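Residue strings, one per chain:
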Amino acid sequence: MDKPTRTVIAALGGYQAVARILRKKPSTVHTAMQSGVLPASWYDALCQMAIDASLEEPPRSMFSFLQIEEDAA
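Residues numbered from 1 in each chain as written. Predicted model: local features only at pLDDT ≥ 70, side-chain atom pairs only at ≥ 80, totals over all residues. Heavy atoms only, no water.

### Describing unusual backbone geometry
- For Arg 23, which is not a glycine, the phi torsion comes out positive at approximately 60°.
- Inspection of the secondary structure assignment puts Arg 23 in the loop between helix H2 (15–22) and helix H3 (26–35).
- Note on Arg 23: relative accessible area 78%, which makes it exposed.
- Of note, Ser 54 is a non-glycine position whose phi angle comes to about 60°, a positive value. (Helix = DSSP H or I, 4+ residues; strand = E, 2+ residues; numbered from the N terminus. Buried < 20%, exposed > 50% of the residue type's maximum accessible area, 1.4 Å probe, protein only.)

### Some thoughts on the packing of aromatic side chains
- One pass over the full model with this rule turns up 3 aromatic pairs.
- Taking the centre distance of 6.3 Å and the plane angle of 55° together, the rings of Phe 63 and Phe 65 count as tilted.
- Look at Phe 63 and you get buried, because its relative accessible area is 4%.
- Look at Phe 65 and you get partly exposed, because its relative accessible area is 24%.
- Taken together, the ring pairs connect Tyr 43, Phe 63 and Phe 65 into an aromatic cluster.
- Directly above the ring of Tyr 43 sits Arg 60, whose terminal nitrogen or CZ lies 5.4 Å from the centroid.
- The side chain of Arg 60 reaches across the aromatic face of Phe 65, ending 4.0 Å from its centre. (Phe/Tyr/Trp six-rings, centres within 6.5 Å; stacked < 30°, edge-to-face > 60°. Lys NZ or Arg CZ within 6 Å of the ring centre and 35° of its normal.)

### With respect to the nonpolar core
- By size, the foremost hydrophobic cluster in this structure holds 18 residues, and its most contacted members are Leu 12, Val 18, Val 29, Leu 38, Trp 42, Leu 46 and Phe 63.
- Counting only elements with at least two residues in this core, the list comes to helix H1 (4–11), H2, H3 and helix H4 (43–52).
- Per element, the largest residue contribution to this core is 5 residues, and it comes from H4.
- Residues in contact with Trp 42, not counting those within four places in the same chain, are Leu 22, Lys 24, Thr 28, Val 29, Ala 32 and Phe 63. (Core = buried A, V, L, I, M, F, W, Y, C linked by side-chain atoms within 4.5 Å. Contact = heavy atoms within 4.5 Å.)

In short, the description is geometric, and any link to function would need to be established separately.
Following this line, the structure appears as structure tokens:
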């Protein structure tokens, strides 16, 4: 079964195409894709890529944003 990160990256043209846009090494994008969690710093760029490709924006839950626990609030 494919990870959601793989599905999103594939829909955006594959990890090599995404790496070119992000100005990252292909291995960096591939490793993040395989881990199942993408860096939060990529969120805006990947959302824009999705919009440009007429695709649904990737969910925030796919990215490594810090989460605030309910007890801490």
